[in-house]
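# Architecture at a glance
Residue-level listing of the chains:
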Amino acid sequence: MSPLRPEIAALEQNGITRVALPRLDDPDVIALWFGEGDLVTEGFIRDAAKQALDEGDTFYTHPRGRQDLREALKRYLDDLYGIDLDPDRISVPGATMLGITIAAQMALGRGDHAIIVGPSWPNIESTYRTTGAEVEYVRQRRTDAGWCLDLDDVRAALRPNTRSLFVNTPCNPTGWVMPSEQQAELLELCRERNLLLIADEVYHRNVFDGPAAPSFLTVARDDDPVVVVNGFSKAWAMTGWRIGWVVAPSRFAETWAVLSECFNTGATVFVQRAAITALERGEEVVTRLRGQYARGRDIVSEVLGRCPRIEFTEPPGAFYAFPRLRGLRSSLAFAQGVLAEENVGIAPGYTFGPGNEAHFRLCFAQSHDRLRDGLERIVRYIERHDNEFDAG
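In short, a report on the structure.

## Considering the overall build of the protein
Helix and strand counts for the protein come out as 13 helices and 16 strands. The C-alpha atoms of the protein give 21 Å as radius of gyration, which agrees with the globular expectation for 392 residues (21 Å, within 12%). Expressed as lengths along the three principal axes of its C-alpha atoms, the size of the protein is roughly 60 × 50 × 50 Å. Per-residue burial for the protein yields a buried fraction of 57% across its 392 residues.

What follows is the structure in structure tokens.
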């Protein structure tokens, strides 16, 4: 008999790492499988962490994050969204994924039901399942104009024991951006049903029309059942730093402190110093990266648009393409084949939830020449194996 809880024993490696790990450090691979570019974090941000270390800033700090970091986050969010955020709602427990994990643990247990708006990054489902809750997807609808969410589909999925709902906007992998009016409608539904809404907004600055995506922070009240999760990974190219923040009802501030102590003791202290610098001096970095990603999106449309088997609409947010390959039967076999024959790493669609077997995901945050080379290789693989796909 296993000492593991059934929920933990049943977990499986997600499809991205399943493809990537055997050749993770292979220099011959054009890695489009993970959600990051190939530019290192800006020097002035790295220097801030070095300075903190040189000054001996290596001790414990507040489990909800340094006071000066939380104050910097308040200023940043207030300026970005035109709000006046209660600073007691902000916590910095560690990585963004840790914020999602803590929020899920706060709301869910065995016998509960949780909803994920998909397609969605696969680790979200695993995080929900570790609570013992039953997990169900409500899938975005794919249209000629792009992806969208029908809230009637969400309402139809609700059960008496539904306790939490997860939504990621801008969305990994589809790039869908939830309009503010729909955010308000979904939040009202969560108020009525007393559901904890976990809103992952980590791609909030990775949009191609305006400086930021709509945020639940602009429609939520202080006491609303919503946890807005965000982080530094995507906007400031700080994926390896593992630093994020949450905005939650202020009445849960002590709970966040307690759970932060349980899970992580608190975010790495010298990394928090670098995060403050990113907030205060990094706006030019955010703008420049957004321009690079926009050009990457254009390259994806240009190259994939020449392949008649591929269905693809430009995403309004994030930095992923999630094309559908007509006639594809196994997205895992496809990703493994592209890797083996063309040395390009992509993510199989199945791992982003049900209904995505004919899709694959690639990240277009890479440098442009490298991205174009990878895309050309993918198309070459598709053309070489054209007779192996179904007529669909």
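## Observations concerning the side chain of threonine 41
Residue placement: threonine 41 occurs in the loop between strand S1 (30-31) and helix H3 (43-54). Here the side chain of threonine 41 touches alanine 237 through a polar contact of 2.7 Å, landing on its backbone oxygen.

## Examining the packing of aromatic side chains
Aromatic ring pairs: the centre-centre distance and the angle between the two ring planes describe each pair. Inspection of every chain in the model, using the stated rule, returns 15 aromatic pairs. Seen from their ring centres, phenylalanine 208 and phenylalanine 364 are 6.4 Å apart, and the 40° between their planes marks the pair as tilted. Of this pair, phenylalanine 208 sits in the loop between strand S8 (196-200) and strand S9 (226-231) while phenylalanine 364 sits in the loop between strand S16 (360-363) and helix H13 (368-384); the two residues are 156 residues apart in sequence, bridging distant segments of the chain. Accessibility expressed as a relative area gives 21% for phenylalanine 208, which makes it partly exposed. Aromatic pair phenylalanine 334 and phenylalanine 360: ring centres 5.2 Å apart, planes at 50°, arrangement tilted.

## Re the pairing of strand S10 (residues 244-247)
Within a regular beta strand, the side chains point alternately toward one face of the sheet and then the other, so they alternate between its two faces. A two-sided burial pattern is seen for S10, the buried positions comprising Gly244 and Val246 on one face and Trp245 and Val247 on the other. Sheet topology note: the strand S2 (residues 90-94)/S10 ladder contains three bridges and is antiparallel. Residue pairing in the sheet places serine 91 in a bridge with valine 246 of S10.

## Focus: the environment of valine 207
Within the secondary structure, valine 207 sits in the loop between S8 and S9. In this structure the C-alpha to C-alpha distance between valine 207 and leucine 32, which are 175 residues apart in sequence, comes to 19 Å. Beyond its immediate stretch of four places on either side in the chain, valine 207 contacts Pro170, Val177, Ala212, Ala213, Arg290, Pro316 and Gly317.

## A word on the pairing of S9
Of all six residues in S9, six are buried, a share of seventy percent or more. The alternating pattern of S9 places Val226, Val228 and Asn230 on one face and Val227, Val229 and Gly231 on the opposite face, and all of these are buried. Two elements, S8 and S9, share four bridges in a ladder whose sense is parallel. Among the inter-strand pairings, aspartate 200 is bridged to a residue of S9, identified as valine 229. Here four bridges tie S9 to S10, and the two strands are oriented antiparallel to one another. Looking at the pairing, asparagine 230 lines up with tryptophan 245 of S10.

## Some thoughts on helix H12 (residues 331-342)
Between its first and last C-alpha atoms H12 spans 16 Å; for 12 residues at 1.5 Å apiece the expected length is 16 Å, and the two agree. Considered for burial, the residues of H12 that qualify are Ser331, Leu332, Phe334, Ala335, Gly337, Val338, Leu339 and Glu342. For H12, the elements touching its buried residues are helix H2 (15-20), strand S13 (324-325), strand S14 (344-345), strand S15 (347-348), S16 and H13.

## A look at the nonpolar core
With 104 residues, the main nonpolar core has Val167, Leu186, Phe232, Trp236, Phe334, Leu362 and Ile378 as its most contacted residues. In this structure phenylalanine 232 touches Leu69, Leu73, Ala237, Met238, Ile243, Trp245, Ala275, Ala278 and Leu279, once residues within four positions along its chain are discounted. By size, the runner-up hydrophobic cluster in this structure holds 24 residues, among which are Ala107, Ala114, Ile116 and Val229.

## Considering a nonpolar patch on the surface
Taken together, Leu4, Ile8 and Leu11 make up a surface patch of nonpolar side chains, about 230 Å² in accessible area. Mapped onto the secondary structure, isoleucine 8 falls in helix H1 (residues 6-9).

## Quick notes on the sheet that holds strand S12 (residues 320-321)
Here we have three strands laid out as an open sheet, ordered S12-S16-S15, and antiparallel in their pairing. Edge strands, defined here as strands with exactly one partner in the open sheet, are S12 and S15. Bridging between S15 and S16 involves two bridges; their strand directions are antiparallel. Looking at S16, one finds that alanine 347 is bridged to arginine 361.

## Re the sheet that holds strand S3 (residues 113-118)
What the seven strands build is an open sheet, ordered S2-S10-S9-S8-S7-S3-S4; its pairing is mixed. Two strands in the sheet have a free side with no partner beyond their single neighbour: S2 and strand S4 (134-139). Across the sheet, the mean angle separating the axes of adjacent strands is 20° when strand polarity is ignored. Across the sheet, helix H8 (residues 180-193) is in contact with strand S7 (162-168), S8 and S9; its angle to S8 comes to roughly 150°.

## Details of unusual backbone geometry
Across the junction of threonine 169 and proline 170, the peptide omega takes the value -10°, indicating a cis bond. For proline 170, the location among the structural elements is in the loop between S7 and H8. With an omega of 25°, the peptide bond running from asparagine 172 to proline 173 counts as cis. Within the element layout of this structure, proline 173 appears in the loop between S7 and H8. In this structure, asparagine 194 takes a positive phi of about 55° despite not being glycine.

Parameters and conventions
Residues numbered from 1 in each chain as written. Predicted model: local features only at pLDDT ≥ 70, side-chain atom pairs only at ≥ 80, totals over all residues. Heavy atoms only, no water. Helix = DSSP H or I, 4+ residues; strand = E, 2+ residues; numbered from the N terminus. Rg over C-alpha atoms; globule rule 2.2 N^0.38 Å. Buried < 20%, exposed > 50% of the residue type's maximum accessible area, 1.4 Å probe, protein only. Polar contact = N/O pair within 3.5 Å; in protein donor to acceptor, adjacent residues only side chain to side chain. Phe/Tyr/Trp six-rings, centres within 6.5 Å; stacked < 30°, edge-to-face > 60°. Pairing = 2+ DSSP bridges. Contact = heavy atoms within 4.5 Å. Expected span 1.5 Å × (residues − 1). Core = buried A, V, L, I, M, F, W, Y, C linked by side-chain atoms within 4.5 Å. Patch = residues over 30% accessible without salt bridge, like charges linked within 9 Å, V, L, I, M, F, W, Y side chains within 5 Å. Areas by Shrake-Rupley, 256 points an atom, 1.4 Å probe, with all protein chains shown as cover. Salt bridge = Lys/Arg side-chain N within 4 Å of Asp/Glu carboxyl O. Axes fitted to C-alpha atoms, helices over the stretch in contact; angles between N-to-C directions.

Don't take any of this as a statement about function, it's just geometry.
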